Amino acid sequence: MIDLGRNDYDTFANQVIWSLLGVTTIIVGLRIFCRLYIGRNQQVGLGLDDYVTVLCLVLSLVVCVLATIATGYGLGKHAYELDDDQRKKALKYNVIINAVLIWQFSLPKFAIIAILKRILNYGTRTAVLFWTLGLTSQACIFAVSVWWFKQCDPVSFGWDKSIKGGTCADIRIMSNLAYFTSAYSAFLDIFFAFYPLPFVMRLNMPLQARVAVAAALSLSSLAFVVSVIKLSALGDAFAISATDPTYTVPYLDILGIAEGYILIICSSLPTLGPLFRAAKQKLTSRDVNTNRSGVNVGSSGHSLHGSFLDSKEHRLTDEIARSIGGGSSSSVDDIPLVASKLRASGATDTGIQKTVDFTMTSEVVEPGSQPQPHSTQIF
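Residues numbered from 1 in each chain as written. Predicted model: local features only at pLDDT ≥ 70, side-chain atom pairs only at ≥ 80, totals over all residues. Heavy atoms only, no water.

Caption draft 1: Here's a closer look at the packing of aromatic side chains. Applying the stated criterion across every chain yields a total of 12 aromatic pairs. With 5.3 Å between their ring centres and 75 degrees between their planes, phenylalanine 191 and phenylalanine 192 make a pair best called edge-to-face. For the pair phenylalanine 191 and phenylalanine 192, one class covers both residues: buried. On the accessibility criterion, phenylalanine 191 (15% relative accessible area) is buried. Through a chain of ring-to-ring contacts, the aromatic side chains of Tyr122, Phe130, Phe180, Tyr184, Phe187, Phe191, Phe192, Tyr195 and Phe199 assemble into a single cluster. Looking at lysine 117, its charged tip hangs above the ring of tyrosine 122, at a distance of 5.1 Å from the centre. When the ring centre of phenylalanine 105 is taken as origin, the NZ or CZ atom of lysine 230, which lies over that ring, is 3.6 Å away. (Phe/Tyr/Trp six-rings, centres within 6.5 Å; stacked < 30°, edge-to-face > 60°. Buried < 20%, exposed > 50% of the residue type's maximum accessible area, 1.4 Å probe, protein only. Lys NZ or Arg CZ within 6 Å of the ring centre and 35° of its normal.)

Caption draft 2: Examining the nonpolar core more closely. One finds Leu116, Leu120 and Phe192 to be the most contacted residues of the largest nonpolar core, which totals 75 residues. Broken down by element, this core gets its largest block of residues, 12 residues, from helix α10 (residues 249-268). (Core = buried A, V, L, I, M, F, W, Y, C linked by side-chain atoms within 4.5 Å. Helix = DSSP H or I, 4+ residues; strand = E, 2+ residues; numbered from the N terminus.)

Caption draft 3: Representation of the side chain of threonine 53. Mapped onto the elements of the fold, threonine 53 is located in helix α2 (residues 48-72). Apart from residues lying up to four places away in sequence, threonine 53 is in contact with Val28, Arg31, Ala111, Ile264, Ser267 and Ser268. (Contact = heavy atoms within 4.5 Å.)

Caption draft 4: Structural context of the pattern of salt bridges. This structure, assessed with the given rule, holds 13 salt bridges. Note that arginine 35 and aspartate 49 form a salt bridge whose closest N and O atoms lie 2.8 Å from each other. Of this pair, arginine 35 sits in helix α1 (residues 9-36) while aspartate 49 sits in helix α2, placing them 14 residues apart in sequence. The pair formed by arginine 35 and aspartate 49 is uniform in burial state, with each residue classed as buried. Arginine 87 is the salt-bridge partner of aspartate 84, the closest N and O atoms lying 3.3 Å from each other. Of this pair, aspartate 84 and arginine 87 both sit in helix α3 (residues 84-104), separated by three residues, roughly a single helical turn. By relative accessible area, aspartate 84 is classed as partly exposed at 41%. Taken together, the salt bridges that share partners define one network made up of Arg31, Arg35, Asp49 and Asp50. (Salt bridge = Lys/Arg side-chain N within 4 Å of Asp/Glu carboxyl O.)

Structural data, given as structure tokens:
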């Protein structure tokens, strides 16, 4: 799985992770802009999902900085190409990076849980399910993070084998922890990508809006693909690290960072609806102004058609913004783990309803006579 013929993992890793950070930063910046400015009419504002996303972005920046420092000491090169001091510092930063990196592709799952709360407004049972899955994943991540430092005694023996009396635990312990944690993370990626889709399609929104939100959420399945690739590479990576501990590390770092970036981007895409609408309106308005060359024939019909499309697009995006912004009028559990009695019986939900009742009558009016007044009742 790992291309052993490549000798520039250090340079390649820096190019990839900093490029991904740049793209993700732009998308998160647009997300915050939509929340604070474009979404003001829908009273959206910042929520838990936004704060978690920003935290993940800051953590990604820390990982990129650490990876750049580590590659400067030779991480990504063959161990025999480094002197003793470079090898020690590269392995030291490797331990720090791995202990921090795993949080970078785990924490974004909480951003997805939070954005699903805004979109679906799910109830207590579903919240318990989602947060249980997220917290157990974090418990596994925490165990791996701690084990990176505790597997050797003293800790510094992990990168400095010249320390007398130092010992390290069997590498298979770390290997098993890494396999389990990555597999569990991959399961959650695919779960949060597809489990909510049937319930998104049942929302009280236009079909186009529901399809757009469902498509954006399902893109997080790409993180599952990255996780599978990472799982298939772990065996080779641990086998190579036994004799060449600095060589394959950046390759695994790229996969871990990419998984986190995909989750951050996919949780941000549904929030960019107002921005897409504003851009489309501006482009449409510019095209209309350009095409006005003094020809008035059919202009009123074109104007009505444009107004209708603009109004339709405006309503569509507002539906998405209100749904994501927590403006949904329903507070029932739209993703029930157990079917409620109300739905099982076939009854419909009740709430504040407006009923308009019209009473209409007819009579024959003779020529020269006055019609009798009748009342119209509106309740």
